[in-house]
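# Examination of the molecular architecture
Listed here are the chains, written in short residue letters.
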Amino acid sequence: MNAVRSPDPMSAAHAALQAAALNPDLWPQACETVGRVLGGTTFALLRIDDDGPAMITPPGHERHLETYISGAWGERDLRAARSLTAAPMTLICDDDIVDPLERQTSDFYRGFAAAEDVPFTLGWSFEETGRRYFFTSMRSAAQGPASTADRATLSALMATATAAARISCALRHERHVGVMAGLEAVGDAALALDERGRLVAHTTAAAPLLARYFTTQSGVLAGRQPAADAALGRVRRRLQKPDEEKALTSFVVSDEANTGLLCVPLLNTGPSRDVFADVAALLLLRDLNAQRRDTPPLLTKLFGLTTAESEVAYAIASGLSIAEVSHRRGVTPATTRTLLSAAFRKTGVNRQGALAALVAGLS
C-alpha cells in the first residue's frame, strides 16, 4: 500500500495563495504557509496609502504592525519611503535601498527594527484600484539579509501571489457594488463607509436623510447633533479594531426637530478586510418619524389602539428604550409603561420581541 505523499512546500504555498484569491479571509493562513517556505520568515501583505499602513500577517503576528503604527515609525522608515519609488514587480531588499551607514544611524533601524527583531526585508510592490500594495518578508537579525536562494523562492511565488491579491481586490469591490445595487433596487436607505469612517457611497433613498442628520468632515461621516456624532465616533473606533469581539448595536440619532433616525451598523469584519475592502461598514437607515405616520393608524384600525398607544408600540418595537420613548414624547416612564401594557393587551402579545415582529409584519 502506497503512502500518501505530502505536497512539497512550494506547491503548498502556490495552493494556499490560489485558495486565498477566491476566499480573501484565507490570506493570513496563506502568508503563514509562504513564511514556512522561507524558513520561518514572517511573510505579509501591506497596503500603504495616505492613511498609513494596513497589513495582513500570519495569525498571531499582528503585534509588529501595531507597534509600527503606535510608534509612528512610518515617518522615519527609510526603506518604506524609498520602496514607493521602486519599480513595481521588482524584488527589493533593504540592502538595495539603504546603505550600511544609514542603517547604523537610522532611528528606525535602531528603534522599531531592533526592538521587533525585523531588521531585514525582501519583497515587491504592485498597484491595484489606485492603491499601492507590498508583499514583504520580514527577517530576524539571526537570519541576516536575503540570500540568492531567498530571492529565487520569492521570485517563483511573485506571479501567483500578485494575481491572487488582484483577484481578492476585485472580489471585494464587486461584492460591495452588488450589495449597494441590491439596496438601491429595493429602495432601502444605506450609507457605505470605508475603514476610516469616510462616506464612499449612498443609496438614493439615503440622500435626504444624509442631508438632514449628517455631515462630512474631510470625507468622514459625522453627525449634525452631538449625540449623533458621538454614536458615529463609536462606529469609527470599532472600525479601527476589526478583531474586537464586542458587537456594535443599533442606535438612534435625532435632527434639530428631535425626530429620530434608526441606524443599524453592519461591519465588514474579517482578517483581510482592511487591505482589500473599499467598504468597511454599512449603515442601514430608517426614518422613525415616517414609520410613526404610517403605522399607528393601521394598529389603531386592526387592534383598537389609541394613537398614543400605537406611537409607543412602534417606538418600542423599533428598538427604543422606555426612557428614550418617554423623553421623546415628554411624558414620564410610568405613563409609557401604562401605554405599552395597553398595547400588549390589545394586540395579544406580552413581549417586546413579539411586538417588534408584529409591527414589522404590518410595515
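Scroll up a little and you will see the structure.
Scoring rules and cut-offs
Residues numbered from 1 in each chain as written. Predicted model: local features only at pLDDT ≥ 70, side-chain atom pairs only at ≥ 80, totals over all residues. Heavy atoms only, no water. Helix = DSSP H or I, 4+ residues; strand = E, 2+ residues; numbered from the N terminus. Rg over C-alpha atoms; globule rule 2.2 N^0.38 Å. Buried < 20%, exposed > 50% of the residue type's maximum accessible area, 1.4 Å probe, protein only. Areas by Shrake-Rupley, 256 points an atom, 1.4 Å probe, with all protein chains shown as cover. Lys, Arg positive; Asp, Glu negative; His and termini not counted. Charge placed at Lys NZ, Arg CZ, Asp CG, Glu CD. Patch = residues over 30% accessible without salt bridge, like charges linked within 9 Å, V, L, I, M, F, W, Y side chains within 5 Å. Salt bridge = Lys/Arg side-chain N within 4 Å of Asp/Glu carboxyl O. 1 Å grid on protein atoms, 1.4 Å probe; cavity = no way out; pocket = protein on both sides within 12 Å on 5 of 7 lines; lining within 4 Å. Points joined across faces, edges and corners; volume = space filled by probe spheres on them. Nonpolar A, V, L, I, M, F, W, Y, C, P; charged D, E, K, R; others polar. Arc of directions from axis to C-beta. Contact = heavy atoms within 4.5 Å. Phe/Tyr/Trp six-rings, centres within 6.5 Å; stacked < 30°, edge-to-face > 60°. Lys NZ or Arg CZ within 6 Å of the ring centre and 35° of its normal. Core = buried A, V, L, I, M, F, W, Y, C linked by side-chain atoms within 4.5 Å. Pairing = 2+ DSSP bridges. Axes fitted to C-alpha atoms, helices over the stretch in contact; angles between N-to-C directions.

### Thoughts on the overall build of the chain
The secondary structure content of the chain amounts to 16 helices and 12 strands. Taking 363 residues into account, the globule formula puts the C-alpha radius of gyration at 21 Å, and the chain, at 27 Å, lies well above it. When the backbone C-alpha atoms are referred to their principal axes, the chain occupies close to 85 × 60 × 35 Å. For the chain, the proportion of its 363 residues judged to be buried stands at 46%. Put simply, the chain shows about 17600 Å² of open surface, and 54% of that area lies on carbon and sulfur atoms. Taken together, the 37 basic and 39 acidic charged side chains of the chain have centroids lying 8 Å from each other.

### A short note on a nonpolar patch on the surface
Judged by side-chain polarity, Leu22, Ile167 and Leu171 come together as a nonpolar surface patch covering roughly 280 Å² of accessible area. Inspection of the secondary structure assignment puts Ile167 in helix α8 (residues 148–185).

### Overview of empty space enclosed by the protein
Tallying each qualifying case throughout the model produces 1 cavity of 30 Å³ or more. Each pocket or cavity is described by its volume, and for the largest cavity that value is around 370 Å³. Around the largest cavity sit 25 residues that line it, and Leu46, Asp77, Arg79, Thr121 and Thr136 are the ones nearest its centre. Among the elements of the structure, β1 (42–49), β2 (52–56), α3 (63–70), α4 (78–83), β3 (92–93), α5 (94–97), β4 (120–128) and β5 (131–139) are those that each provide at least two residues to the lining of the largest cavity. Per element, the largest residue contribution to the lining of the largest cavity is 5 residues, and it comes from β4. Partitioning the lining of the largest cavity into residue classes produces 16 nonpolar, 6 polar and 3 charged.

### Thoughts on α3
Two residues of an α-helix separated by three or four positions point the same way, owing to the 3.6 residues in each turn. Listed in full, the buried residues belonging to α3 are His64, Leu65 and Tyr68. Along α3, the residues classed as buried sweep out an arc of 90 degrees about the axis, all on the same side. Exposed residues on α3 whose side chains face more than 90 degrees from its buried face are Glu66 and Ser70.

### Re the side chain of Arg131
Summarising the element assignment, Arg131 is placed in strand β5. One buried charged residue, Arg131, remains without a salt bridge, the closest side chain of opposite sign being Glu195 at 4.1 Å. Not counting chain neighbours up to four residues away, the residues in contact with Arg131 comprise Arg47, Asp49, Phe126, Glu195, Val275, Phe276, Ala277 and Asp278.

### Section: the packing of aromatic side chains
A full pass over the atoms with the stated rule returns 13 aromatic pairs. On the basis of an interplanar angle of 35 degrees and a centroid distance of 6.0 Å, the ring pair of Trp27 and Phe135 is categorised as tilted. Highlighted residues: Trp27 in helix α2 (residues 27–37) and Phe135 in strand β5, separated in sequence by 108 residues. Exposure remark for Trp27: the relative accessible area of 0% places this residue in the buried category. Assessed through its relative accessible area of 1%, Phe135 is described here as buried. Aromatic ring contacts, followed pair by pair, group Trp27, Phe43, Trp124, Phe126, Tyr133, Phe135 and Phe276 into a single cluster. Taking NZ or CZ as reference, Arg76 lies 4.2 Å from the ring centre of Trp73, over its face. Over the face of the ring belonging to Tyr109 we find Arg103, whose NZ or CZ atom lies 4.5 Å from the ring centre.

### A word on the pattern of salt bridges
Scanning the entire structure with this criterion turns up 15 salt bridges. Among the salt bridges present, the one from Glu116 reaches Arg63, with a minimum N-O distance of 2.7 Å. You can see Glu116 sitting in helix α7 (residues 107–116) and its partner Arg63 sitting in helix α3, a full 53 residues away along the chain. Taking the relative accessible area as the measure of exposure, Glu116 reaches 11% and is therefore buried. Between Asp107 and Arg110 there is a salt bridge whose closest N-O contact spans 3.2 Å. With Asp107 and Arg110 both in helix α7 and 3 residues apart, this pair spans about one turn of that helix. Its relative accessible area of 53% is what places Arg110 among the exposed residues. Each of the salt bridges in this network shares a partner with another, and the network as a whole consists of Asp77, Arg79 and Asp94.

### Side note on the nonpolar core
One finds Trp27, Phe43, Leu45, Trp124, Phe135 and Phe276 to be the most contacted residues of the largest nonpolar core, which totals 31 residues. Counting residues per element, the ones that place at least two in this core are α1 (9–22), α2, β1, β2, β4, β5, α8 and α11 (273–276). Here the element with the most residues in this core is α8; it accounts for 7 residues. If we skip the residues at most four places from it in the chain, Phe276 touches Pro24, Trp27, Leu45, Ile56, Arg131, Tyr133, Ala165, Ser168, Cys169 and Arg172. In terms of nonpolar packing, the next biggest core, distinct from the first, is built from 22 residues, Ala206, Tyr213, Val253 and Leu283 among them.

### Some thoughts on the sheet that holds strand β10 (residues 251–254)
One key point about sheets: their strands pair by backbone hydrogen bonds, in either a parallel or an antiparallel sense. Within the open sheet, the 5 strands sit side by side as β7-β6-β12-β11-β10. Their pairing is antiparallel. A single partner strand is all that each edge strand has here, and the edge strands are β7 (199–202) and β10. In this sheet, neighbouring strand axes are inclined to one another by 30 degrees on average, regardless of whether the strands run parallel or antiparallel. As paired strands, strand β6 (residues 189–193) and strand β12 (residues 281–287) are joined by 5 bridges and run antiparallel to one another. When the sheet's bridge partners are listed, Leu193 is paired in β12 with Ala281.

Function-wise, these values are silent; they only describe arrangement.
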